Amino acid sequence: MNSNNTIRRIAISTGGGDAPGLNAVIRALVVSALNHGWECYGIREGFNGVLFPERYPDGGIIRLNRDRVRGITHLGGTILGTTNKGNPLCYPLRMPDGSIREVDRTDEIVSYFAKHEIDALVAIGGDGSLTIAHALAKKGLRVVGVPKTIDNDLDKTNTTFGFDTAVSFATESIDRLHSTAESHQRVMVVEVMGRYAGWIALHSGISGGAHAILIPEIPFSIERIAAKIRERESQGRIYTIVVVAEGARPEDGHRAIVSQADVGQAERLGGIGEQLARTLCQMTGKDTRTVVLGHLLRGGSPTTFDRLAALRFGTAAVRALESGHSGVMVALHHPNVMYVPLEEVAGRMKAVPPDCDTVQTGRDLGICFGDET
Ligand code: F6P
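Residues numbered from 1 in each chain as written. Predicted model: local features only at pLDDT ≥ 70, side-chain atom pairs only at ≥ 80, totals over all residues. Heavy atoms only, no water.

Student: Quick question: what am I supposed to make of the overall build of the chain here?
Tutor: Helices and strands together make up the secondary structure of the chain, namely 11 helices and 15 strands. The C-alpha radius of gyration computed for the chain amounts to 22 Å, which stays within 12% of the reference 21 Å derived for 373 residues, consistent with globular compactness. Across its three principal axes, the chain shows a C-alpha extent of roughly 75 × 55 × 35 Å. Across the chain, every contact between residues at least 6 apart in sequence was considered, and the portion connecting residues at least 24 apart equals 72%. Total accessible area on the chain is roughly 16000 Å²; 48% of this is exposed by carbon and sulfur atoms. Measuring between centres, the 40 positive side-chain charges of the chain sit 5 Å from its 42 negative side-chain charges. (Helix = DSSP H or I, 4+ residues; strand = E, 2+ residues; numbered from the N terminus. Rg over C-alpha atoms; globule rule 2.2 N^0.38 Å. Contact = heavy atoms within 4.5 Å. Areas by Shrake-Rupley, 256 points an atom, 1.4 Å probe, with all protein chains shown as cover. Lys, Arg positive; Asp, Glu negative; His and termini not counted. Charge placed at Lys NZ, Arg CZ, Asp CG, Glu CD.)

Student: What is the right way to read the sheet that holds strand β13 (residues 288-292) from this model?
Tutor: What holds strands together in a sheet is hydrogen bonding between their backbones, with the strands either parallel or antiparallel. Strand order in the open sheet made by the four strands is β9-β10-β8-β13, with parallel pairing throughout. Every other strand in the sheet has two partners, leaving β9 (212-214) and β13 as the edge strands with one partner each. Put simply, the sheet's adjacent strands are angled 15° from each other on average, direction ignored. With six bridges connecting them, strand β8 (residues 187-192) and strand β10 (residues 240-245) associate as parallel partners. (Pairing = 2+ DSSP bridges. Axes fitted to C-alpha atoms, helices over the stretch in contact; angles between N-to-C directions.)

Student: Just to check I follow, could you spell out the site of the ligand for this structure?
Tutor: Around the ligand, the surrounding shell consists of Asn 84, Ile 150, Asp 151, Met 193, Gly 194, Arg 195, Glu 246, His 295 and Arg 298. At 3.0 Å from an oxygen atom of the ligand is found a side-chain nitrogen or oxygen belonging to Asn 84. Coverage of the ligand by the protein amounts to 82% of the 400 Å² it exposes when considered alone. Class assignment for the residues of the shell around the ligand results in two nonpolar, three polar and four charged. (Near = heavy atom within 4 Å. Polar contact = N/O pair within 3.5 Å; in protein donor to acceptor, adjacent residues only side chain to side chain. Nonpolar A, V, L, I, M, F, W, Y, C, P; charged D, E, K, R; others polar.)

Student: Looking at this structure, how should I read the packing of helix α8 (residues 222-234) against helix α9 (residues 272-284)?
Tutor: How two helices sit against one another is set out by the angle between their axes and by the gap between those axes. Two elements in contact, α8 and α9, have axes whose closest approach is 10 Å; the angle formed by their N-to-C orientations is 55°. With respect to α9, the element α8 is oriented oblique. Crossing of α8 over α9 shows right-handed handedness. Within the contact between the two elements, α8 uses Ile 222, Glu 223, Ile 225, Ala 226, Ile 229 and Arg 230 and α9 uses Leu 276, Thr 279, Leu 280, Met 283 and Thr 284. Of the residues assigned to the contact of α8 with α9, the class counts are seven nonpolar, two polar and two charged. (Parallel < 35°, antiparallel > 145°, perpendicular 65-115°, else oblique. Left-handed = near helix turned anticlockwise from the far one by under 90°.)

Student: Got a minute to help me understand the packing of helix α6 (residues 163-184) against helix α7 (residues 199-207) in this structure?
Tutor: The interhelical angle for the contact between α6 and α7, taken along N-to-C directions, is 45°, at an axis separation of 8 Å. It follows from the interaxial angle that α6 and α7 lie oblique. Pair α6 / α7 crosses with right-handed handedness. Mapping the contact onto sequence places Phe 163, Ala 166, Val 167, Ala 170, Thr 171 and Ile 174 in α6 and Trp 199, Ile 200, His 203, Ser 204, Gly 205 and Ser 207 in α7. Classifying every residue of the contact of α6 with α7 gives seven nonpolar, five polar and no charged.

Take it as geometry only, folks, not as evidence of what the structure does.
Here you go:
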């Protein structure tokens, strides 16, 4: 920060998995900051542009002017690129003997900001990126976070941008599966992302008229899902749609993973849909198919809700910096955008409360959650 505490130059980083609305936040930040007379820079791919500038022939950080952010509000992805590898708090460094050691590289980021006279950072990301942002703020960098993730698992905000787009796409996909499932008298298992939270499965499953919804917060019994399918059959309802969150797990088992966590990287979840489909086919004799929506949930244009949330978050982050805030995240506390301390967000996860009214809504509508009630 310069000597009189005023801001002249800010940098923006987008980290973790991409989410629809990232470009809208970037545009809002840049337009709003330029209107304050500030210069704006974008860091390439999380913090890689700072830590590995040599990888980028056009520079690890790029100047963002009006032309660079024109017409990007509706575009998916991020013009800065992103990464969910190489967390600078525990960066995997290969030692001469071939072993891997975790090193904290956040001091390098703080020095870079000082050297290039960048007065503040706006970190747009999920839990991982905001934990890094929190660490940087504790080291004296002026930082504001913006909550992003399709998973909606960040605490202290009503919602994150990206979630509404993911849920809308998942709902439309479930809508489309009803007719083909009915025509073929099948069980369709739809696996959705969400990591350790069931928000996407819950919201899209209820809205799309699923008959069973399985989420990480409510461990399931496969017998109960099979019973639900048989019960429907006995009532002449010849097809069933099961929506399963990638992080859901049986009462007596583990969640399905694609690969273990590596240094600086999270474990990859996936495969529960196919496991479930195979077992349900054996138990009920029904023809069963699996649809994995996967990264389709992260692509495409943000919905109106996500665009507006992103634009509100971006301009609010500039207002936060202007009024001297640091170490905070902009958050939606309907109907307002507020600032909450990063320490109340970092490292915490917002899970679906099993007794929340949305779960109860599903139960009242006869949806099976795979548990006893
Ligand atoms: O956090 C967003 C998310 O899409 C999760 O829902 C999912 O588990 C993960 O990222 C997938 O990450 P990757 O892009 O590395 O496959």
